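Descriptive structure summary
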Amino acid sequence: MVLYRREPEQGRARFFSLMIERDLFGTIRLVRNWGYVGSKGQEKVDIFPSEPEASRAIEGWAETQRKKGYTDL
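Calculation notes
Residues numbered from 1 in each chain as written. Predicted model: local features only at pLDDT ≥ 70, side-chain atom pairs only at ≥ 80, totals over all residues. Heavy atoms only, no water. Phe/Tyr/Trp six-rings, centres within 6.5 Å; stacked < 30°, edge-to-face > 60°. Helix = DSSP H or I, 4+ residues; strand = E, 2+ residues; numbered from the N terminus. Buried < 20%, exposed > 50% of the residue type's maximum accessible area, 1.4 Å probe, protein only. Lys NZ or Arg CZ within 6 Å of the ring centre and 35° of its normal. Pairing = 2+ DSSP bridges. Salt bridge = Lys/Arg side-chain N within 4 Å of Asp/Glu carboxyl O.

Overview of the packing of aromatic side chains
Across all of its chains, the model carries three aromatic pairs by this definition. Between Phe-16 and Trp-34 the ring centres are 6.3 Å apart and the planes differ by 25°, which places this aromatic pair in the stacked class. Taken together, the residues Phe-16 in strand β2 (residues 12-22) and Trp-34 in strand β3 (residues 28-36) connect sequence positions 18 residues apart. Overall, the relative accessible area of 5% leaves Phe-16 in the buried class. Given the relative accessible area of 23%, Trp-34 is considered partly exposed. In this structure an aromatic cluster arises from ring pairing among Phe-16, Trp-34, Trp-61 and Tyr-70. A cation over an aromatic ring shows up here: Arg-14 above the ring of Tyr-36, its NZ or CZ 4.6 Å from the ring centre.

A closer look at the pairing of strand β4 (residues 42-48)
The pairing of β3 with β4 spans seven bridges and is antiparallel. Residue pairing across strands places Arg-32 opposite Lys-44, the latter belonging to β4. Here β3 hands over to β4 after five residues, with Gly-38 in that stretch at a positive phi of 100°.

Topic: the pattern of salt bridges
Taken as a whole, this structure holds six salt bridges when the rule is applied. Note that Glu-7 is salt-bridged to Arg-5, the shortest N-O span being 2.8 Å. A relative accessible area of 22% places Arg-5 in the partly exposed class. Between Arg-29 and Glu-21 there is a salt bridge, with its nearest N and O atoms 2.8 Å apart. Overall, Glu-21 belongs to the partly exposed group, its relative accessible area being 27%. Taken together, the salt bridges that share partners define one network made up of Arg-5, Glu-7 and Arg-12.

The following block contains the structure:
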């Protein structure tokens, strides 16, 4: 899931991406990446014991970012 926020008065746009993945050992990871469009941005990884818990976390993060003005494309 990728969310965007445009800031026309400053002439820039931001992104916030969320992804659930498994590593080679089967660990469930929620990867968050954010920053300005066109940049690498910053990344944070959280570990979860199950996919449903990671899915709930994604929805929580997405809702928080939408309240800050981010939208789905």
